Structure formats: C-alpha cells, structure tokens
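# An overview of the molecular structure
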Amino acid sequence: MKCTVCRKPAVIDVRRHNANFCPDHFVAHVQEQTKRAIEHFKMLRRGERVLVAVSGGKDSLALWDILVGLGYEADGLYLGLGIGEYSDISGDHARAFASERGLKLVEVDLRDDYGFDVPTGAKAAKRVPCSACGLSKRHLFNRAALDGGYDVVATGHNLDDEAAVLFGNVLRWNVEYLGRQVPVLPSRPGFPRKVKPLVRLAEREMAAYCVIRGIDYQVEECPMAAGNRHLGYKEALNSIEQTSPGTKAAFYLEFLDKAAHLFNTDFEEDQVGLLVCQSCGAPTTAEVCAFCRLVDKATGAVPVVLGPTR
Ligand code: Q46
Ligand code: ZN
Ligand code: ZN
C-alpha cells in the first residue's frame, strides 16, 4: 500500500476518499479536513480565543493538537467528573498532554468545586448518569468559557458521533433535535459559540492521528456508557460503511447542506422567556437552573462507590 500523495509506504487507507496516506500526508489530510469544516461552517475566526473541552480521550486531545497546529490560540478545559478510575486516568492524560506541550489546561472538578460526582449526583437527582453528566458539562463549559473570556468552546465530536446521533434522531423523527444537529451553535447572551471542528473525520482517523502524533489518551470507554443506544447506531452505520464506503459522511454532511435548514434552526427563538438563575446567574427557564438544582440534591447525598472499571 503506497501513499496516494508521495508513493512512500502508507500506514492507513481512507476508503471514503479512495486514498492511502503515509504518516506525514495523513496528518496533512486530518488538518485539511478540519480546516475545511472550520471554513465551511464559519466556526472560528483568526484571533479568537478558543477553549477546547478536553476529556482525555483521543478526539478531544487530537482536536486540541490540530487547532494549535493550525495556529489557533486554544486552551483546554478538563472537567473532573468523578467517575472512579476512568476519570482519574482521563485527567492524567489531559494534564500530561498539556504539560508536555506547554499548553494551558483549565481544570474544574465536580467533587472539589461542587461537592459531588456524576454517579452520586445522578442517583440523588434520580437521573441516568449521562443526563446528570451532560447537564453538568454544558453548564460548566459555558461558565468556564464566559468567566475566562473565551469566544468559543470547541468539542471533539467526530463524524461517527454526529452520524450516530443523526441516525437516532431520524429513526425516531425527533424533529426538534434535527435543527440543532448543526456543528456550530451561535453565541447568545449567557452562552458562548459552540463548534465541532472534527465532523469531517471518522473515529478511526482520530485514533490513527493520535498514534502518529504520539498522543497518549484514555482508551477505555466511560463505564457509564454501557448500553448507550448510540453505540448500536455506530455499529449499524459501520456495517453499512463497510459495504458502501462514504455512506456515513454523505448521510451526515449532506444532511447539513441539504436538509438541516428545513428544521427549526432559529436559536434566537430559544432566548424568548429565559430567566436568570437566582443562584448562579446562568440563563434558565426556571427560577433556579437545572445545574444548581442538581447541586442542591447532590449536596450531602451518600457517595456512590464504583467498583473497579477493569
Ligand atoms: S462521560 Fe458522562 Fe459520557 Fe460517561 S457519564 Fe455518560 S455523558 S458516557 S460522553
Ligand atoms: Zn505521503
Ligand atoms: Zn444556576
């Protein structure tokens, strides 16, 4: 197998592009795909301060590396979720990545800063863990970005993630979510802009990018993800992709270009009737925002102890 660009030995094939790449040209391919997404969807402007939501996994660390490589001023934000050993190892990877490269990592820790962790908060609030976790992440990413004067929050969602969510929303015709599946959510009062620059790159490409660039990442899945519907959707899409390369990218990217605008993408409308949380000042539909209510319920709850993850 030879690199399509330079004919040197290739290390990876990307069937949907009908191409093979050597390490250097693969890195160039990943940068090019990220640049195309940033430009096409007008995600970032030069001179803006970017906060990358870093989980310690391959996608977010790769994203941070790519953005810095493309010349963006990008700091990382690591949110300690307190999910046992999984979180401890994830945090170590995020810290090591930042310190080896002299990058700034902002850290927020649910336990230290808010007195609870995801398993305990979820149980106390009678939510499934991913719901308590997602709510906390959204709230704390917004807050860290606004407090730190960042223009935009970037997350490492890749093509497989977005295609799987779209697949799930289409299977159930969740029309209210379809308009929000765009890779750029504009800023609004109390919310920074949110962007997903990796939407043109598959999960497999992100793993290969990390190996080639020498990025050590948390390879374990979050133990709370077991049974997550999206894992099944990813498998289904991968099996289609196997026989028909390019289908996954077409499904998601053509949706963005041809159909997303048919659903409600009027984010201004969401602002109507928003109140200010009496406890933390964040925009909310109730007197006290959902995150502050979660903190309240979790405070003083008996901590949930997780078993070993491996
Ligand atoms: S970290 Fe949090 Fe994910 Fe774990 S608890 Fe669920 S949402 S699965 S990306
Ligand atoms: Zn090459
Ligand atoms: Zn609040």
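First, a word on scope: everything that follows refers to the structure included in this document. Note that residues are indexed from 1 along each chain, following the sequence as it is written. By the order in which they are written, chains take letters starting at A while ligands take numbers starting at 1. Local features are withheld for residues below a pLDDT of 70 in this predicted model, meaning they are given only at 70 or higher, and side-chain atom pairs are given and counted only at 80 or more; totals for whole chains, interfaces and linings count all residues. The side-chain quantities take in all heavy atoms of the structure and omit both hydrogens and water.

### A short note on the overall build of the chain
Here is the rule we go by: Runs of H or I in DSSP of at least four residues are treated as helices and runs of E of at least two as strands, each being numbered from the N terminus. Residue contacts are defined here by distance: any two heavy atoms, one from each residue, within 4.5 Å place the two residues in contact. Note that accessible areas follow from Shrake-Rupley with a 1.4 Å probe, and for residues the cover is restricted to the protein chains shown.
A tally of helices and strands in the chain yields 13 helices and ten strands. The C-alpha extent of the chain, read off along each of the three principal axes, is 60 × 45 × 40 Å. A separation of at least 24 residues holds for 71% of the contacts in the chain among residues at least 6 apart in sequence. For the chain, the accessible area works out to roughly 15500 Å², and carbon and sulfur atoms hold 52% of it.

### So, the coordination of the zinc ion (ligand 3)
Rules: Distances up to 2.8 Å from the metal define which N, O and S atoms are donors, and 3.2 Å serves for Na, K and Ca; water is absent from the atom set, so sites may look incomplete. Sites are called tetrahedral only when four donors show all angles between 85 and 135 degrees, square planar or octahedral only when four or six donors show opposite pairs over 155 degrees and all other angles between 65 and 115, and irregular in any remaining case. Exposure categories follow from relative accessible area, calculated using a 1.4 Å probe and restricted to protein chains: below 20% of the type maximum is buried, above 50% is exposed, and the middle band is partly exposed.
Around the zinc ion (ligand 3), the protein contributes the donor atoms Cys-277 (SG), Cys-280 (SG), Cys-289 (SG) and Cys-292 (SG), which lie 2.3 Å from the metal centre. One can describe the donor arrangement at the zinc ion (ligand 3) as tetrahedral, given that its four donor atoms subtend angles of 106 to 113° at the metal. The sequence pattern describing where the donors of the zinc ion (ligand 3) fall on their chain is C-x2-C-x8-C-x2-C. Given a relative accessible area of 4%, Cys-289 falls into the buried group.

### Looking at the environment of Phe-291
Turning to its location among the elements, Phe-291 is positioned in helix 13 (residues 290–298). Among residues more than four places away in sequence, those in contact with Phe-291 are Leu-110, Tyr-114, Phe-116, Leu-135, Ser-136, His-139 and Leu-140.

### Notes on the coordination of the zinc ion (ligand 2)
Distances from the zinc ion (ligand 2) to its protein donors, namely Cys-3 (SG), Cys-6 (SG), Cys-22 (SG) and His-25 (ND1), fall within the range 2.0 to 2.4 Å. What the four donor atoms of the zinc ion (ligand 2) show is an angle range of 97 to 113° at the metal, which sorts the shape as tetrahedral. The sequence motif formed by the donor residues of the zinc ion (ligand 2) is C-x2-C-x15-C-x2-H. One end of the pair, Cys-3, is in the segment before strand 1 (12–14); the other, His-25, is in helix 1 (residues 23–40), with 22 residues separating them in the sequence.

### Concerning the pattern of salt bridges
Rules: Salt bridges, as used here, are contacts in which a Lys or Arg side-chain nitrogen is within 4 Å of a carboxyl oxygen on Asp or Glu.
A complete count under the given rule lists 19 salt bridges for this structure. Among the ionic pairs, Glu-100 bridges to Arg-101, the shortest N-O distance being 3.5 Å. Glu-100 gets classed as exposed once you look at its relative accessible area, which sits at 59%. Where Lys-196 meets Glu-162, a salt bridge forms, and the shortest distance between an N and an O atom there is 3.1 Å. In this pair, Lys-196 sits in the loop between strand 8 (193–195) and helix 9 (203–213) while Glu-162 sits in helix 7 (residues 159–171), placing the two residues 34 residues apart along the sequence. Assigned by exposure class, Lys-196 and Glu-162 land together as buried. If you follow the salt bridges from partner to partner, you end up with Asp-65, Glu-100, Arg-101 and Arg-213 in one network.

### Considering the side chain of Arg-200
Applicable threshold: Positive: Lys, Arg. Negative: Asp, Glu. His and the chain ends are not part of the count.
With respect to the secondary-structure elements, Arg-200 resides in the loop between strand 8 and helix 9. No salt bridge forms around the buried Arg-200; measuring N to O, its nearest opposite-charge neighbour Asp-257 is 6.7 Å away. For Arg-200, the contacting residues outside a window of four places in its chain are Arg-16, Gln-33, Arg-36, Ala-37, Leu-159 and Leu-253.

### Comments concerning the packing of aromatic side chains
The condition is simple: We call Phe, Tyr and Trp rings a pair once their centres come within 6.5 Å, taking the six-membered ring for Trp, and we label the pair stacked below 30 degrees between planes, edge-to-face above 60, and tilted otherwise. Two conditions define a charge located above a ring, namely a distance within 6 Å from the ring centre to NZ of Lys or CZ of Arg, and an angle within 35 degrees of the ring normal.
Per the stated rule, a full pass over the model turns up seven aromatic pairs. Plain terms: the ring middles of Phe-167 and Phe-251 are 6.0 Å apart, the flat faces sit at 90° to each other, and that makes the pair edge-to-face. Taken together, the positions of Phe-167 in helix 7 and Phe-251 in helix 11 (residues 247–258) put the pair 84 residues apart, joining distant regions of the chain. Owing to a relative accessible area of 27%, Phe-251 belongs among the partly exposed residues under this scheme. Seen from their ring centres, Phe-255 and Phe-263 are 6.5 Å apart, and the 35° between their planes marks the pair as tilted. The exposure class of Phe-255 is buried, given its relative accessible area of 9%. In this structure, Arg-49 packs its charged tip against the face of Tyr-150, placed 4.1 Å from the ring centre.

### Observations regarding the packing of helix 7 against helix 11
Rule in force here: Axis lines are fitted to C-alpha atoms, over the contacting stretch for helices. Their N-to-C directions set the angle, which ranges from 0 to 180 degrees. Note on terminology: angles under 35 degrees are roughly parallel, angles over 145 are roughly antiparallel, angles of 65 to 115 are roughly perpendicular, and the others are oblique.
Where helix 7 contacts helix 11, the two axes come as close as 9 Å, and the packing angle between them is 70°. One finds that helix 7 runs roughly perpendicular with respect to helix 11. Contacts from Leu-159, Asp-160, Glu-162, Ala-163, Leu-166, Phe-167 and Val-170 in helix 7 reach Lys-248, Ala-249, Phe-251, Tyr-252 and Phe-255 in helix 11.

### Considerations on helix 2 (residues 58–69)
Put simply, the rule is: To estimate the expected span of a helix, subtract one from its residue number and multiply by 1.5 Å.
End to end, helix 2 covers 16 Å across twelve residues, agreeing with the expected 16 Å (1.5 Å per residue, within 8%). Taking burial as the measure, the twelve residues of helix 2 include ten buried ones, the bulk of the element. Among all positions of helix 2, only Lys-58, Asp-59, Ser-60, Leu-61, Ala-62, Leu-63, Trp-64, Asp-65, Ile-66 and Leu-67 are buried. Just downstream of helix 2 lies Gly-71, where phi reads positive at about 95°.

### Describing the sheet that holds strand 4 (residues 73–80)
The cut-off we apply is this: Strands pair, by our definition, only if DSSP identifies at least two bridges between them.
Strand order across the open sheet formed by six strands is 5-4-3-6-8-7, with mixed pairing between neighbours. Only two strands of the sheet have a single partner each, and these edge strands are strand 5 (105–109) and strand 7 (184–185). Strand direction decides the pairing type here: strand 4 and strand 5, joined by five bridges, are parallel. Bridge assignment links Tyr-78 to a residue of strand 5, and that residue is Glu-107.

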